[in-house]
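# Results of the structural survey
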Amino acid sequence: MTAPAQLELPFDARPREPRAGSTLTVLNGQVVEYTIRRARRRRSITLTIDEHGLRVGAPLRASGREIETVLQQHARWVLRTLARWSGRRPVPYTWRSGETLFLLGTALRLELHAATAAVERHGDTLTAGGDANALRTKVVEWYRHEALVCFEQRIARYAGALDVRVSGLRLSQAKTRWGSCGPDGRVALNWRLVQMPLTLIDYVVVHELAHLHEMNHSPRFWRVVENILPDYAERRAALRHDAYRYLRL
């Protein structure tokens with residue numbers, strides 16, 4: 001069975017224990033996790049840091065000692081760049097009046113009223129009530145409803161453009177993926193996406209639906225995406241670099 005194609009989030013928290021296929025090193029007293037990608041044609045050791053962490057590109061015959069030497073030589077840059085990416089991860093939300101939430105990229109001011117039973121939007125104000133635990137639950141439920149309505153509309157729009165059939169939509173709350181799509185046409189989209197501008201939501205939707213043509217990230221896959229979103233590269237970059245600005249929940 002073909003595994004679902006997945007689009008990862010840019011803010012997965014790094015575990016203390018290395019993931020399968022990962023390695024740990026100590027740089028200036030700090031434990032750092034990284035993965036190694038070897039290639040026959042690669043002639044030198046390279047370091048890449050993005051939302052997924054540190055990756056080392058290495059020739060097939062590069063030794064662990066050679067890789068470690070390069071890491072130590074660039075320790076300051078590695079730690080500084082990892083810290084910058086870490087700073088893009090969302091901070092814990094404070095549930096109090098006046099705080100900001102986002103819906104489709106639009107800022108909403110949170111107003112708390114003890115007597116308010118439901119979550120309601122009035123213009124740029126979101127009104128809710130209850131203790132902190134109940135409040136978060138109610139607000140998340142409201143966001144999930146908004147997400148479902150939005151995602152169904154966007155899927156209906158782009159499924160036709162891509163000439164694909166979606167057999168089901170599921171709201172995901174994964175910590176490491178924006179979405180996934182199985183060969184059976186079942187799509188999962190992270191409900192947190194609904195906090196972001198529609199241009200970014202549409203990129204994720206098109207990305208996942210394009211997998212119903214190509215269950216990979218080959219040049220053919222990206223051509224499918226580009227046929228629908230000619231500016232997909234800019235949207236992908238914005239998702240990677242700016243998503244954290246909208247994430248509150």
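Our structure's up above, just so we're on the same page.
This report concerns the structure included in the present document. (Residues numbered from 1 in each chain as written. Predicted model: local features only at pLDDT ≥ 70, side-chain atom pairs only at ≥ 80, totals over all residues. Heavy atoms only, no water.)

This part covers the sheet that holds strand β9 (residues 125-128). The sheet built from four strands is open, its strands ordered β6-β7-β9-β8 with mixed pairing. The strands lining the two open edges of the sheet, one partner per strand, are β6 (100-103) and β8 (120-122). Going from strand to strand, the sheet's axes swing by 35° on average, the running direction of each strand aside. Bridge count between β6 and strand β7 (residues 106-112): four bridges; the pairing is antiparallel. Directly across from Phe102, in β7, lies its bridge partner Ala107. (Pairing = 2+ DSSP bridges. Helix = DSSP H or I, 4+ residues; strand = E, 2+ residues; numbered from the N terminus. Axes fitted to C-alpha atoms, helices over the stretch in contact; angles between N-to-C directions.)

Right, let's get into the packing of aromatic side chains. Scanning all chains against the criterion turns up four aromatic pairs. Ring geometry for Phe102 and Tyr246: centres 5.4 Å apart, planes at 85°, overall edge-to-face. Here the residue Phe102 occupies a position in strand β6, and Tyr246 occupies one in the segment after α6 (232-242), the gap between them amounting to 144 residues. Take Tyr246: its relative accessible area is 19%, and that puts it in the buried class. (Phe/Tyr/Trp six-rings, centres within 6.5 Å; stacked < 30°, edge-to-face > 60°. Buried < 20%, exposed > 50% of the residue type's maximum accessible area, 1.4 Å probe, protein only.)

Counting buried residues in strand β11 (residues 177-181) gives four out of five residues, a clear majority hidden from the surface. Here β11 runs beside strand β12 (residues 186-190); their pairing, made up of three bridges, is antiparallel. Note on β12: the bridge partner recorded for Ser180 is Ala188. In sequence, β11 turns back onto β12 through a hairpin of four residues, with Gly185 there showing a positive phi of about 90°.

It is worth spelling out the sheet that holds strand β5 (residues 53-59) at this point. Sheets are built from strands paired through backbone hydrogen bonds, the pairs being either parallel or antiparallel. Within the open sheet, the four strands sit side by side as β2-β3-β5-β4. Their pairing is mixed. What marks the edges here is a single partner per strand, and that holds for β2 (22-27) and β4 (46-50). Averaged over all adjacent pairs, the angle separating strand axes in this sheet is 35°, with direction ignored. Summarising the sheet, β4 and β5 pair through five bridges and their orientation is antiparallel. Residue pairing across strands places Ile49 opposite Leu54, the latter belonging to β5. Helix-sheet contacts for helix α2 (residues 75-86) involve β2, β3 (30-39), β4 and β5, and the interaxial angle to β4 is about 20°. (Contact = heavy atoms within 4.5 Å.)

Tallying each qualifying case throughout the model produces seven salt bridges. Asp242 is the salt-bridge partner of Arg245, the closest N and O atoms lying 3.3 Å from each other. A relative accessible area of 27% means that Asp242 is categorised as partly exposed. (Salt bridge = Lys/Arg side-chain N within 4 Å of Asp/Glu carboxyl O.)

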